[in-house]
Structure formats: structure tokens, C-alpha cells
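Examination of the molecular architecture
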Amino acid sequence: MSSTTKTSPKLPLKIRLLIAAHSLSVDAFSRSDSTAVNRPLMKIFDPKASPSTLRKPDNGVVSSDIMVDTARKLWFRLYTNTAAGGSGVGVLPIPIIVYFHGGGFAYMAPNSIAYDNLCKRLAREIPAVVVSVNYRLSPEHRYPSQFEDGFDVLKFIDNPDFEGFQAVVNTNIDSKKHLFVAGDSAGGNLAHHVALKACQHQFSRLKLLGVIALQPFFGGEERTESEIGLVEAPLLSVKRTDWMWKAFLPQGCNRDHQVVNVFGPNSVDISNLPFPPTLVFVGGFDLLQDWQRKYVEGLNKSGKQVYKIEYPNAFHGFYAFPELPESSLLMAEIKSFVQHQLAK
């Protein structure tokens, strides 16, 4: 845990009110036994954004919604930067970032305003083509539904036939598309597991270059120092994360399941797998920080390349607020990581 004795950061009033409203809605509209979420009422506190069309781009970024499987309501929002592109010596290719939103596997969506804005920033500032996945939510759909949806989207974009994708990513139909798998919180957990499956799969045109995990949601039966000490931290509490794991895991499983405690007693050995370089962000006011450090340690011990970035004053979800200085620093670190992997 951070060496600071404070358990909650100083935040502007607007951010504190937004966090309080989100926390209130999650607690009020989620059944205490982890069996149901009142979706109609949750919509009131989770406003949605429409795509940005070519006629009305958002600071150079256009977006559209692409259906993958109607039966599962599996779709993604595709973001492209109209100013990105070009070719020639010294010009890096435009990568694809497949992004998994956070929300404890139970809340939020790609068209939630916070995630729509975040993915626009990624498309604009990296720059990149961003594929933001609308995976199924728990507790209606438990593990492994979300992981199946995430990997199916990778297979879908491996041979894309929808308008504009090929032209934006590159001009050579025979060249590999450079892929990064990313996500925050529960989406960071998803990014790890989807990348784990992807690095063992032979894609036609996708080349997996890296994983970007923003404060990934991992855990275990053990209570860590940060879980015990950060009782007043914004957004998350141990009670809330326990609810999320219970709603997500198959009946009868505990938090030492390999999908939760990825380097715990039931973990899978990944030392012989071609798992890609990974960028991990950790916040000093995030009660999950000790699990995130265990994740970094596990990747290191498995012989994998991993970069850890820590922001002592950052709370869980800070990246959703561009007015915070750490949010801009995070974008710069992601850009540096992506460009470094592209240049190899």
C-alpha cells in the first residue's frame, strides 16, 4: 500500500459528486445477494452517448456501432481518427486497440459516456483504431461469458469486411494488423485473459503486440494490506468487490479461482506461452493495488516483459477524469508503450 497515512485523496467537488452518485446507484440497484441488477433504474445513472458520425466528428474522431452476434447482443463501438494515417519512412502503422470497459463485470457499456470519451481520447492521442467491446454482464451472464465475447470479437476483426476498417489500419491487405488488448478494472482482467488465449491462437492478419491494463481487477481469498487499510477510498470497497466476484464467478467458486487470483494457488503456468509485453497502471488510493503488484510480480516470475506505472495520488477510475493530471500522464505512457512496441 502507499506509504501515505491518508485513506482518501483530495478531489474537486464535481468529481466527488459524480463518484458518490455512481456508488449510490450501484449499491441501491444491485440485489445484496449478488443475483440481480435493476437495469432500467441503473440506466438513469449511466447515460449513454451516440456515435460520432463523419458529418459530426468529435475533434477528428468518428465512431460507429458494429454488430457481431445479435443473439448475444455482442457488438462493439469502432473509433477512428480521421487525421491519423500516412505512410513512408519513419511513420509508424496505426494500431488496433481492443478495449474492455470496467464496471466489475456487471455494469457500464462502450456507449456509457465515460467510456465513450475515454476511447475517443485513445483514438485521438495514441493515435489508434479503437474497438470497444460490449460484452455480456453478470450476474445474468457469469464467467466465462465475458471472455468468450472478448475473444470472439478478436476473431471477428481478424478478417474485417465492414466499411473503412482496412483503409484506416493500413493500405496493404497482406500486412499484419498490429493489435493491443486493453482494459480498465474488470476490463483489465478481461484483457489479460483474452490476451492469454490470443497468444495461443493463429490469427490470419492480427499480430498481438501488447496488453494495457489500467488498474486491473484481480483478487483472492486473502485480504491484502490495501484492502484492509483503504476503507475510505473512492468508488470501491471490499464489500462491493466481494459482491462483484460473487455475481461473476460460477456457483460454488471462491476468489482463489484462477480467473480472479491469476498467480494464486489455482493459477495456470504461462511461462512457456508467448504472452506479450504488458503495461500496468497502479494507483496509491486504489484498494486493489496490492493485487495489481502481485500481478506484475507474477508476470516477472513467469519471464514476461512488464512495465509498472504508479501514481501515488490516483484513485480507482481516475483515468475517466481528463481534468486530473494523472489522466494525461497515463495517456502519454500508453502512447509511449504503443509506439515502442510498434517500432520493434
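Residues numbered from 1 in each chain as written. Predicted model: local features only at pLDDT ≥ 70, side-chain atom pairs only at ≥ 80, totals over all residues. Heavy atoms only, no water.

1. As for the overall build of the protein
Just so we agree on the cut-off: Helix and strand definitions follow DSSP, with helices as H or I runs of at least four residues and strands as E runs of at least two, each counted in order from the N terminus. Computation of the radius of gyration draws on C-alpha atoms alone. For the globule rule, the value is 2.2 Å times the number of residues to the power 0.38. Three exposure classes are used, based on accessible area relative to the maximum for each residue type with a 1.4 Å probe and protein chains only: buried under 20%, partly exposed in between, and exposed over 50%. When checking whether two residues touch, look at their non-hydrogen atoms; a contact exists if any pair is within 4.5 Å. In this tally, Lys and Arg are treated as positive and Asp and Glu as negative; His is ignored, and so are the chain termini. Note on charges: their place is set at NZ of Lys, CZ of Arg, CG of Asp or CD of Glu.
In terms of helices and strands, the protein carries 10 helices and 8 strands. Here the C-alpha radius of gyration of the protein, 19 Å, is about what a compact globule of 344 residues would show, namely 20 Å. Of all 344 residues assigned to the protein, the portion counted as buried reaches 55%. In the protein, the share of contacts with a sequence separation of at least 24, taken over all contacts with a separation of at least 6, comes to 77%. Separation of charge centres in the protein, based on 36 positive and 32 negative side chains, amounts to 3 Å.

2. Topic: the side chain of H193
Along the chain, H193 turns up in helix α6 (residues 186-198). Residue contacts for H193: discarding those within four places in its chain leaves F147, Q258, V259 and V262.

3. Section: the pattern of salt bridges
Selection criterion: Throughout this description, the term salt bridge denotes a Lys or Arg side-chain nitrogen within 4 Å of a carboxyl oxygen of Asp or Glu.
Within the structure shown, the criterion is met by 23 salt bridges. Its salt-bridge partner being E140, residue R39 comes within 2.8 Å of it at the nearest N-O pair. Of this pair, R39 sits in helix α2 (residues 39-42) while E140 is found in the loop between β4 (129-134) and α4 (145-158), placing the two residues 101 residues apart along the sequence. Given a relative accessible area of 43%, E140 falls into the partly exposed group. Put simply, D69 and R72 hold a salt bridge, and the shortest N to O gap is 2.8 Å. By relative accessible area, which is 22% here, D69 ends up partly exposed.

4. Focus: the sheet that holds β4
Note the following rule: Strand pairing is defined by DSSP finding a minimum of two bridges between the two strands. Helix axes are fitted to C-alpha atoms over the stretch in contact, other axes to C-alpha atoms as well, and angles between N-to-C directions run from 0 to 180 degrees.
With mixed pairing, the 8 strands of this open sheet are ordered in space as β1-β2-β4-β3-β5-β6-β7-β8. Where the open sheet ends on each side, the last strands, each with one partner, are β1 (61-69) and β8 (306-315). Here the strands of the sheet are splayed against their neighbours by 20 degrees on average, with no regard to which way each runs. Packed on one face of the sheet, helix α3 (residues 113-125) meets β1, β2 (74-81), β3 (96-100), β4 and β5 (177-184) and runs near 40 degrees to β2.

5. Thoughts on the nonpolar core
Our working rule: Within this scheme, the nonpolar core is defined by two criteria: the residues are buried Ala, Val, Leu, Ile, Met, Phe, Trp, Tyr or Cys, and they are joined through side-chain atoms within 4.5 Å.
Core analysis: the biggest nonpolar cluster contains 103 residues, and I212 and I334 have the highest contact counts within it. When residues of this core are assigned to their parent elements, the largest contribution, 7 residues, is made by α6. With sequence-adjacent residues up to four places away left out, I212 is seen in contact with F180, V181, A182, G183, L279, F281, I334, F337 and V338.

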